[in-house]
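# Fold and geometry: a report
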Amino acid sequence: MRIITITAGAAVAVLLAGCSSRRPDSVNMSSVITYGLQCAGGGAGVAAGSVTAESVENLRLQSSTASVKEFSLVAEVEKRPGLPDAWTFNGIVPGPEIRVQQGDHVHVTLINHLPAATTIHWHGIDVPNAADGVAGVTQDAVKPGHSYTYDFLVPEPGTYWYHSHQDTSNQIPRGLFGPLVVEPKNAPYYDRDYTLVYHDAVPPARGFFPTIARILGAVDRRSVAVNGTPGDLRLSANAGELVRLRLINATAGETRADAAPLHIVALGAPYRVVALDGHDLNGPQLIGPEVLPLGAGQRYDIELRMPAAGVVRLVDVGLEETVTLGSGIVRIPDLSKLSVFDLTRYGVPRAQAPAPAGFDADYTVDLGSRPGFHFGKFGLVHTIDGKDFPGTPMILVRPGQLVKLHFTNRGRTEEFHTMHLHGHVFTVLARNGVPLSGSPVRLDTLLVAPKETWDVAFRADNPGLWMLHCHVLLHAATGMDMMVSYPGIVTPYSVGRVSGNVPE
Ligand code: C2O
Ligand code: CU
């Protein structure tokens, strides 16, 4: 800890930069500076004087006795004949699966051979802040020819993923993402374990006309691939085997014009949803065929027993790509008649764990959109409480607090949003005011449909500067981001034109 002095003059300079309509020169996300930052008549909340400050630089893993697993990820360009170049980790899209055991100490070195700066974010893992990989907040984006090492523990088993968090809306669709699986300590009880990463098949066209066409709904969908395979991905499995499938939505979130989730259904055998965003559900019942709404950034782990017929097929309702387990013919029912999985009523409540109550802080996060300018570009601006990043309000939490977030989605454009919180897992409390009646549900990415409200709660137990943003990448890149910050945390990094750090 050290004492630093913030002067009102510096705060005002930051304030003005944050309110410019073009990309700001430099915005610093330190909580002491931006606390109270508001564009309209702002500045009043910015206090000059002495504060106790700690840099995000110091929020690293303390020495651990856990076994260390070393990985390196080389970000590089891959030429593809007749197609736009892909940007890959270790030459493949998705990047290599990082598979570790619960409790491991993970050490990953990012080596950048791209012509652009990049980072890696560990989506869903509650890393120490310095390992969060957000350009301009927890580190400078790693320049071409340079490297950076991430260090963190993985205490909770489950299905996670990693991706670039620099110029994300461009770098993820180009290929900079991969799966991260944390195996439980006890030996797995299933016979097969497959990770299925859903992602955009071809880097999408960018620019004014494609964007307008998408907003008008003229381009209704993009093609999706699974583990790099468009069309049908074939995996082996034999009758009677228990199969675990780890579904990850790594698309940019615009497979459908309204940013609706993927609609995945398994045909040929009933299944259980055993985990959401990596966290086990309690008492998951057999269902099926029921459509699983898999929002951008989310994960579903399902388990099924291969039927005597020896084949199961996963389809996305309305898209072309499929996954076939085993071989044979699967009868396709009328997909439009299938019911949709509802996480608020699935599994059984856990007697020992009542929903959190007695909140220390309570925030409303109002999701919306409007036509306007964001960083000098005209289009649909995505907003939180009517403001676009970095002008969005900040959620200031204190260590130990139980914090409730109330999400509303009243935007006139009727879009879906998948709200992702860095550094913390939250418990889902209610949808449209109705409490969950089944298993407790813990997520890091929440799907919020048009007109819905959701209540969630998290324990503020990981000091730092953390993003809370929509994982529909275009929404995040056009303003739908905010910071969750602990008091007195400062960052030496900044977002903007001068540093070249562009988290979204
Ligand atoms: Cu998966 Cu802020 O990201
Ligand atoms: Cu969104």
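Data block above holds the structure.
Note that the coordinates shown come from a computational prediction; the quantities given were computed from them, not determined experimentally.

Along the protein, the regular secondary structure elements total 5 helices and 34 strands. With 504 residues in all, the protein has 58% of them scored as buried. Considering only contacts within the protein whose residues lie at least 6 apart along the sequence, 77% involve residues at least 24 apart. When the accessible surface of the protein is summed, it comes to about 19600 Å², and 55% of that surface belongs to carbon and sulfur atoms.

Ligation of the copper ion (ligand 2) by protein atoms is provided by His417 (ND1), Cys470 (SG) and His475 (ND1), these donors lying 2.0 to 2.1 Å from the ion. Sequence positions of the donors to the copper ion (ligand 2) reduce to the motif H-x52-C-x4-H. Of this pair, histidine 417 sits in strand β26 (residues 417-421) while histidine 475 sits in helix α5 (residues 473-477), and the two are 58 residues apart along the sequence.

Let us look at the packing of aromatic side chains. Applying the stated criterion across every chain, the model contains 9 aromatic pairs. Taking the centre distance of 5.0 Å and the plane angle of 75 degrees together, the rings of tyrosine 189 and tyrosine 190 count as edge-to-face. For tyrosine 190, a relative accessible area of 11% translates into the label buried. One aromatic cluster is present, built from ring pairs that chain together Phe89, Trp122, Tyr148, Tyr150, Phe152 and Tyr162.

Before going further, it helps to spend a moment on the sheet that holds strand β21 (residues 322-326). What the 5 strands build is an open sheet, ordered β13-β21-β20-β15-β18; its pairing is mixed. Each edge of the sheet is formed by a strand with only one pairing partner; in this case those strands are β13 (232-235) and β18 (292-294). Pairs of neighbouring strands in the sheet enclose a mean axial angle of 20 degrees, with direction left out of account. Pairing geometry for strand β15 (residues 262-267) and β18, over 3 bridges, is antiparallel. By the bridge assignment, histidine 263 is partnered in β18 with proline 293.

Another point: the sheet that holds strand β7 (residues 121-123). Taken together, 4 strands build an open sheet; the order of strands is β5-β10-β9-β7 and the sheet is mixed. Since the sheet does not close on itself, it has two edges, and those belong to β5 (98-101) and β7, each with one partner. Pairwise comparison of adjacent strand axes, ignoring direction, gives a mean angle of 25 degrees for this sheet. Pairing analysis gives 6 bridges linking strand β9 (residues 158-163) to strand β10 (residues 177-183), with the strands arranged antiparallel. The residue of β10 that forms the bridge with glycine 158 is valine 182.

The full count for this structure, using the stated rule, is 23 salt bridges. Ionic pairing is found between glutamate 241 and arginine 192, a salt bridge with its closest N-O pair at 2.6 Å. Note that glutamate 241 is positioned in the loop between β13 and β14 (242-249) and arginine 192 in strand β11 (residues 192-200), a separation of 49 residues in sequence. Exposure remark for glutamate 241: the relative accessible area of 17% places this residue in the buried category. The partner of aspartate 334 in a salt bridge is lysine 337, with the nearest N and O atoms 2.9 Å apart. Residue lysine 337 is classed as exposed on the basis of its relative accessible area of 67%.

Locating glycine 372 in the fold gives a position in strand β22 (residues 361-374). Taking relative accessible area as the criterion, glycine 372 reaches 9% and is therefore assigned buried. Note: C-alpha distance between glycine 372 and threonine 478 (106 residues apart in sequence) is 9.9 Å. Leave out the neighbours within four places in its chain, and glycine 372 touches Lys377, Phe378, Gly379 and Val381.

Moving on: the side chain of threonine 418. Mapped onto the fold, threonine 418 is located in strand β26. Relative accessible area serves as the criterion here: at 1%, threonine 418 is assigned to the buried category. Of the polar contacts made by the side chain of threonine 418, one reaches the backbone oxygen of alanine 296; its length is 3.0 Å. Setting aside anything within four residues of it in sequence, one finds threonine 418 in contact with Gly295, Ala296, Thr445, Leu446, Leu447, His469, Cys470, His471 and Val472.

The rules behind each value
For every chain, the first residue of the written sequence is number 1, and numbering continues from 1 onward in sequence order. Chain A is the first chain written and ligand 1 is the first ligand written, with later ones labelled in order. The predicted origin of the model limits local features to residues at a pLDDT of at least 70 and limits the giving and counting of side-chain atom pairs to 80 or more, whereas totals for whole chains, interfaces and linings rest on all residues. To obtain the side-chain values, all non-hydrogen atoms of the structure were included, while hydrogens and water were left out. Secondary structure counts use DSSP, requiring at least four H or I residues in a row for a helix and at least two E residues in a row for a strand, with both numbered from the N terminus. Only protein chains enter the area calculation, which uses a 1.4 Å probe; residues under 20% of their type maximum are buried, those over 50% are exposed, and those in between are partly exposed. The contact criterion used is simple: two residues touch if any of their non-hydrogen atoms lie within 4.5 Å. Surface accessibility follows the Shrake-Rupley procedure with a 1.4 Å probe radius. Residue values consider only the protein chains on display as shielding. The donor definition counts N, O and S atoms within 2.8 Å of each metal and applies 3.2 Å to Na, K and Ca; water is not among these atoms, so some sites may look incomplete. Any Phe, Tyr or Trp ring, taking Trp's six-membered ring, that has another such ring centre within 6.5 Å forms a pair; planes under 30 degrees apart are called stacked, those over 60 apart edge-to-face, and the others tilted. Here, strands pair whenever DSSP counts at least two bridges between them. As a rule, the C-alpha atoms of each element are fitted with a line to give its axis, helices using only the stretch in contact, and angles between N-to-C directions run from 0 to 180 degrees. What makes a salt bridge here is a side-chain nitrogen of Lys or Arg within 4 Å of a carboxyl oxygen of Asp or Glu, nothing more. Side-chain atoms alone can form a polar contact between residues adjacent in sequence; in general such a contact is a pair of N or O atoms within 3.5 Å, and within protein one must be able to donate a hydrogen while the other accepts it.

Nothing here speaks to function; it is geometry throughout.
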